[in-house]
Amino acid sequence: MFKELYKSRLRCQGVTNGLTAAGQKSASTQKPKTKVEDRFEPRILAFCCNWCSYAGADLAGTSRMQMPPNMRIIRVNCTGRIDPVFVLEALNQGADGVLISGCHPGDCHYTTGNLKMKSRFALLQKMLEEAGIEPERVHLQWASAAEGDVFTQGITSMVERIKALGPNPVKKD
Amino acid sequence: MTKRIALAQLTSCWGCDQSLVDLHLGLLTVLPEIEIVFWPAVVDFKLKDLESMPDQSIHIGLVEGSCRTEEDVHLLNVMREKSKTLVAWGVCSCYGGIQGLANQWNLEELVDRKFMKADTVTDPRVPSENVPVFTETVQPNVDIVEFDVLLPGCPPTSKNLLDALTALISGKPFDLPEKSVCDQCSKVKQDKHIKEFHRTHEGHIDPSKCLLDQGYLCLGFATIGLCGAICPNVNTPCKGCFGPVIRVRDHGAKIISALGAVAEMEPDKLRESFPDPIGSFYFTDYAASYLSRIRTETRRKKKK
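Because the structure is a prediction, the values reported are computed rather than measured.

## Some details on the overall build of chain B
Okay, step 1: On a plain count of helices and strands, chain B comes out with 12 helices and 7 strands.
Okay, step 2: For 304 residues, the compact-globule formula gives about 19 Å, and the C-alpha radius of gyration of chain B, at 21 Å, lands near that figure.
Okay, step 3: Summarising its shape, the C-alpha atoms of chain B cover approximately 60 × 50 × 35 Å along the three principal directions.
Okay, step 4: Partitioning the intrachain contacts of chain B with sequence separation of at least 6 by distance along the chain shows that 76% fall at a separation of at least 24.

## Focus on the sheet that holds strand 1 (residues 44-49) of chain A
Strand-to-strand pairing in sheets goes through backbone hydrogen bonds, with the strands running parallel or antiparallel.
Residue and element names in this part refer to chain A.
Okay, step 1: What the 4 strands build is an open sheet, ordered 2-1-3-4; its pairing is parallel. In this open sheet, the two edge strands, each paired with only one partner strand, are strand 2 (71-76) and strand 4 (138-142). Each strand axis lies, on average, 20° off the axis of its neighbour in the sheet, ignoring direction.
Okay, step 2: Bridge analysis of strand 1 against strand 3 (residues 97-102) gives 5 bridges, and the strand direction is parallel. Across the sheet, alanine 46 pairs through a bridge with leucine 99, a residue of strand 3.
Okay, step 3: In the packing of helix 2 (residues 53-62) onto the sheet, the strands contacted are strand 1, strand 2 and strand 3, and the crossing angle to strand 1 comes to about 115°.
Okay, step 4: Here helix 5 (residues 148-165) sits on the sheet and contacts strand 1, strand 2, strand 3 and strand 4; the angle it forms with strand 3, its principal contact strand, is near 160°.

## As for the sheet that holds strand 2 (residues 34-38) of chain B
All names here are of chain B.
Okay, step 1: One open sheet holds the 5 strands; their spatial order is 2-1-3-5-7, and the pairing between them is parallel. At either margin of the open sheet sits one strand with a lone partner, and together these are strand 2 and strand 7 (149-151). Across the sheet, the mean angle from the axis of one strand to that of its neighbour is 25°, orientation sign disregarded.
Okay, step 2: Packing of helix 7 (residues 158-169) onto the sheet brings it into contact with strand 1 (3-9), strand 2, strand 3 (58-64), strand 5 (83-89) and strand 7, and relative to strand 7 it is tilted by some 165°.

## A word on the interface of chain B and chain A
By convention, interface size is frequently given as the accessible area that disappears when the constituent parts associate.
Okay, step 1: The partner chain A presents 39 residues to the 51 residues of chain B that form the contact.
Okay, step 2: The set of elements that each furnish at least two residues to the side of chain B that touches chain A consists of helix 4 (70-82), strand 6 (134-139), strand 7, helix 9 (251-262), helix 10 (267-273), helix 11 (277-281) and helix 12 (290-303) of chain B.
Okay, step 3: Of the residues contributing to the side of chain B that touches chain A, the split by class is 26 nonpolar, 8 polar and 17 charged.

## Some details on the environment of cysteine 52 of chain A
Residue and element names in this part refer to chain A.
Okay, step 1: Tracing the chain through its elements places cysteine 52 in the loop between strand 1 and helix 2.
Okay, step 2: Taking C-alpha positions, cysteine 52 is 28 Å from asparagine 92, a pair spaced 40 residues apart along the chain.
Okay, step 3: Apart from the residues within four sequence positions on either side, cysteine 52 is in contact with Gly102, Cys103, Asp107, Ala143, Ser144 and Ala145.

Reading the values: the criteria
Residues numbered from 1 in each chain as written. Chains lettered and ligands numbered in written order. Predicted model: local features only at pLDDT ≥ 70, side-chain atom pairs only at ≥ 80, totals over all residues. Helix = DSSP H or I, 4+ residues; strand = E, 2+ residues; numbered from the N terminus. Rg over C-alpha atoms; globule rule 2.2 N^0.38 Å. Contact = placed C-beta atoms within 7 Å. Pairing = 2+ DSSP bridges. Axes fitted to C-alpha atoms, helices over the stretch in contact; angles between N-to-C directions. Nonpolar A, V, L, I, M, F, W, Y, C, P; charged D, E, K, R; others polar.

Pasting the structure below:
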């Protein structure tokens, strides 16, 4: 019965006068896997702020620091721009983890964007916990433009953490 | 030509029917235009009456409630087959309703709590005869069949219903407003500097000022403006029962996004301010949230 329900859910075209997450389909965005992987390699989405962490990631790259290649970076102007919806959408689409990396408190280019993210993150983690989803899948870190090593370290430990947790069950196989 | 109308109930409190009946004499304006062919809440119609109607023979089908049992799913599918225009009537039908909060637990835990461990039960047993099977989770109805019109509300006010019905009967489109409850609220809003959150019974509410400014969790900013701000206007914080503002994908995520920006307190204190964030931020639409979807999918994978 439930298989049928899910099928019909995929068939339905949404409604005409506006809708929430209900109308969003995540299935279509998944790429089919070409081969069966023996080892679990997490796919982690990183939101990096333009002024600190993205520059830090750049520095890590130009300094040829070694880090695992499991990260896909999206640059945002400020971590304060990151809506918790982005994080949940990423998890719903099958990301194994979401890393948010911004300026150290006090260093924000827009003065308090990172602090707003910190407050949102506190509530988001509590919500994930209550919903029964591992809160460790989402992580917040600070890394300045000069801290390529901190950024590298952050990514390495994030990948280790997610490997210990295992894949996101939502991921289509 | 009169329009044939069917009104069906799935799992719900039937408050939406109450709201319709509350139109009183207002009903007279629409009654001559309609012929009610199915309304078990008021007249003794049976499911087989509905099933025996030809497909697409009902002009407007209104469905209230969400699917907690397989019987609900069946009735919903029948309503879709028989109706030309299918209306999700009330927030349960649009987003899963309060019963969607049950998606935080597995079905076994829910059945155990309800039938075996309920405080008032003296002879605990799970009913098995003449009852429909429970669905594993509460899915929003819009995930099961296609709807043409959404009319959220818990319940939609009598005026909302009259507006929607008059529009649909005359063949006009019924669009949801772009506004939020705050736009309809008469209280004076200022820059927000929230140092502390209070429960509704704590302190004294200044009736002229915005409730959120005073530190009461009023969710009007993220909630669709259909109700006319009936709660905040009488000093009761909005619980968000009409569901999110149009085009907001996740009600609770939007709420924490806003709270993170306006609360002037340490993140830990903010975290401790809400002992039950899901209950507070997804009062009637948890089933439609990302969190519930991820959990549902996780459960489904585990069962395989």
